[in-house]
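Working through the structure, step by step
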Amino acid sequence: MQHDAHAHHRTERSGAHAGHEGHGATADWPTAARATLHCLTGCAIGEVIGMVIGTALGWGTVPTMVLAIVLAFFFGYSLTLWAVVRAGLSLKAAIGVALAADTLSIAVMELVDNGVLLLVPGAMDAHLSDGLFWGALAFAFLVAFLVTTPVNKWMIGRGKGHAVVHQYH
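Here we summarise the structure given alongside this text. Not measured: the values here are computed from a predicted model. The numbers attached to residues start from 1 for each chain and follow its sequence in the written order. The model is predicted, so local features are restricted to residues of pLDDT at least 70 and side-chain atom pairs to those at 80 or more, both for listing and for counting; the totals for chains, interfaces and linings are taken over all residues. In computing side-chain values, all of the structure's heavy atoms are included and hydrogens and water are not.

1. Considering the overall build of the chain
The secondary structure listing takes helices from DSSP runs of H or I that are at least 4 residues long and strands from runs of E that are at least 2 residues long, numbered from the N terminus. Check the secondary structure of the chain and you find 6 helices and 0 strands. When the helices and strands of the chain are placed in sequence order, the string is α-α-α-α-α-α. Think of it in three bands: residues with accessible area under 20% of the maximum for their type are buried, residues over 50% are exposed, and the middle band is partly exposed, with areas taken using a 1.4 Å probe on protein chains only. Looking at the chain residue by residue over its 169 residues, the buried ones come to 43%. What makes two residues a contact is simply this: any of their non-hydrogen atoms within 4.5 Å. If you take every contact in the chain between residues at least 6 apart in sequence, the share linking residues at least 24 apart comes to 71%.

Following this line, the structure appears as structure tokens:
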């Protein structure tokens, strides 16, 4: 029954509020924070795996960061794909939703957290066993969360970003 209501509502959506009205996707700070935490989770999984692999293999800063960023996008998109496919979307439709919902959020998050890592002295040369490695990474994620939350609030308020995903919950 719930899926019928969602399907009916999707056919009537239009304009700047598509995916926004009637689905609880308001542009308030708690909603933006939840969307950012969702994004941060996927980014953190990918980025930590990339940093661990690059550091363990003794790679330099650039290849390690490239791997971490690629994996951050992969895992960020994957979390959304998993959720919307479970809600009944085809993989093709889910890919479109994930790209629309997450691209700007992940891009801002990656730009900020990698920028912070580059600015923390010694962070990119630290080893996995160093507190500096994990401390700088946690600090970078915190700063990225604080910068990305207003971006997500702005997008949700315009029926974009995670507002697109909310119609499938």
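2. Focus on the side chain of Thr 148
Within the fold, Thr 148 resides in helix H5 (residues 131-157). Whenever a nitrogen or oxygen atom comes within 3.5 Å of another N or O atom, the pair is scored as a polar contact, on the condition that within protein one atom can donate a hydrogen and the other can accept it, and that pairs from neighbouring residues in sequence are kept only if both atoms are in side chains. A polar contact of 2.7 Å, which involves the side chain of Thr 148, links it to the backbone oxygen of Ala 144. Those residues in contact with Thr 148 that sit more than four places away from it in its chain are Thr 36, Ser 105, Val 108 and Met 109.

3. Some remarks on the side chain of Ser 105
Mapped onto the fold, Ser 105 is located in helix H4 (residues 91-119). Polar contacts involving the side chain of Ser 105 include one to the side chain of Asn 152, which spans 3.1 Å. Excluding residues within four positions of it along the chain, Ser 105 makes contact with Cys 39, Thr 148 and Asn 152.

4. Focus on the environment of Ala 136
Structurally, the position occupied by Ala 136 is in helix H5. On a C-alpha basis, the gap between Ala 136 and Leu 117 in space is 6.3 Å, while along the polypeptide they are 19 residues apart. Leave out the neighbours within four places in its chain, and Ala 136 touches Leu 117, Val 120 and Ala 123.

5. Observations concerning the environment of Leu 37
By secondary structure assignment, the location of Leu 37 is in helix H2 (residues 29-56). Leu 37 sits 108 residues away from Phe 145 along the chain, and the two C-alpha atoms are 7.4 Å apart.

6. A word on the layout of surface pockets
Gaps left between atoms are located by rolling a probe of water-molecule size over the structure's atoms. Of the voids in this model, the largest pocket is the one considered here, and its volume is about 180 Å³. A cavity here means a set of 1 Å grid points, computed over protein atoms only, where a 1.4 Å probe fits but cannot escape. A pocket is an open set with protein on both sides within 12 Å along at least 5 of 7 lines, and lining residues have an atom within 4 Å of a point. Lining the largest pocket are 17 residues, and of these Thr 55, Trp 59, Met 124, Asp 125 and Ala 126 sit closest to its centre. Of all the secondary structure elements, the ones that give two or more residues to the lining of the largest pocket are H2, helix H3 (61-86) and H5. Put simply, Ala, Val, Leu, Ile, Met, Phe, Trp, Tyr, Cys and Pro go in the nonpolar bin, Asp, Glu, Lys and Arg in the charged bin, and everything else, Gly too, in the polar bin. Residue classes in the lining of the largest pocket are distributed as 9 nonpolar, 7 polar and 1 charged. Grid points are joined across faces, edges and corners, and a volume is the space filled by probe spheres set on the points.

7. Considerations on the nonpolar core
In these notes, a set of buried Ala, Val, Leu, Ile, Met, Phe, Trp, Tyr and Cys residues joined through side-chain atoms within 4.5 Å is what counts as a nonpolar core. Formed by 37 residues in total, the largest nonpolar core has its most connected members in Val 84, Val 97 and Leu 117. Elements that contribute at least two residues to this core include exactly H2, H3, H4, H5 and helix H6 (162-166). Ranked by residue count, the leading element in this core is H4, at 10 residues. With residues near it in sequence (within four places) discarded, Leu 117 still touches Glu 47, Met 51, Ala 123, Met 124, Ala 136, Leu 137 and Ala 140.

8. A short note on the packing of aromatic side chains
Any two rings among Phe, Tyr and Trp, with Trp reduced to its six-membered ring, count as a pair given centres within 6.5 Å; such a pair is stacked if its planes are under 30 degrees apart, edge-to-face if over 60, and tilted if neither. Per the counting criterion, the structure on display carries 3 aromatic pairs. Seen from their ring centres, Phe 73 and Tyr 77 are 5.9 Å apart, and the 50° between their planes marks the pair as tilted. Of this pair, Phe 73 and Tyr 77 are both found in helix H3, 4 residues apart, which corresponds to roughly one turn of the helix. Looking at Tyr 77, the relative accessible area reads 16%, which means it is buried. Between Phe 133 and Trp 134, the ring centres sit 4.7 Å apart and the planes meet at 80°, which makes this aromatic pair edge-to-face.

9. Focus: the packing of H2 against H4
Only C-alpha atoms enter the line fits that serve as axes; for helices the fit covers just the stretch in contact. Angles between N-to-C directions range over 0 to 180 degrees. One way to put it is that H2 packs onto H4 with a least axis distance of 10 Å and a crossing angle of 50°. Relative to H4, the element H2 is oriented oblique. Seen from above, H2 lies across H4 with right-handed handedness. Here Thr 36, Cys 39, Leu 40, Cys 43, Glu 47 and Met 51 of H2 lie close against H4, whose contacting residues are Ser 105, Ile 106, Met 109, Glu 110, Asp 113, Asn 114 and Leu 117. Considered class by class, the residues forming the contact of H2 with H4 number 7 nonpolar, 3 polar and 3 charged. Orientation labels follow simple angle bins: below 35 degrees gives roughly parallel, above 145 gives roughly antiparallel, 65 to 115 gives roughly perpendicular, and whatever is left gives oblique. Note: crossing handedness is left-handed where the near helix turns anticlockwise from the far helix by less than a right angle, and right-handed where it turns clockwise.

Function cannot be read off these values alone, since they describe shape.
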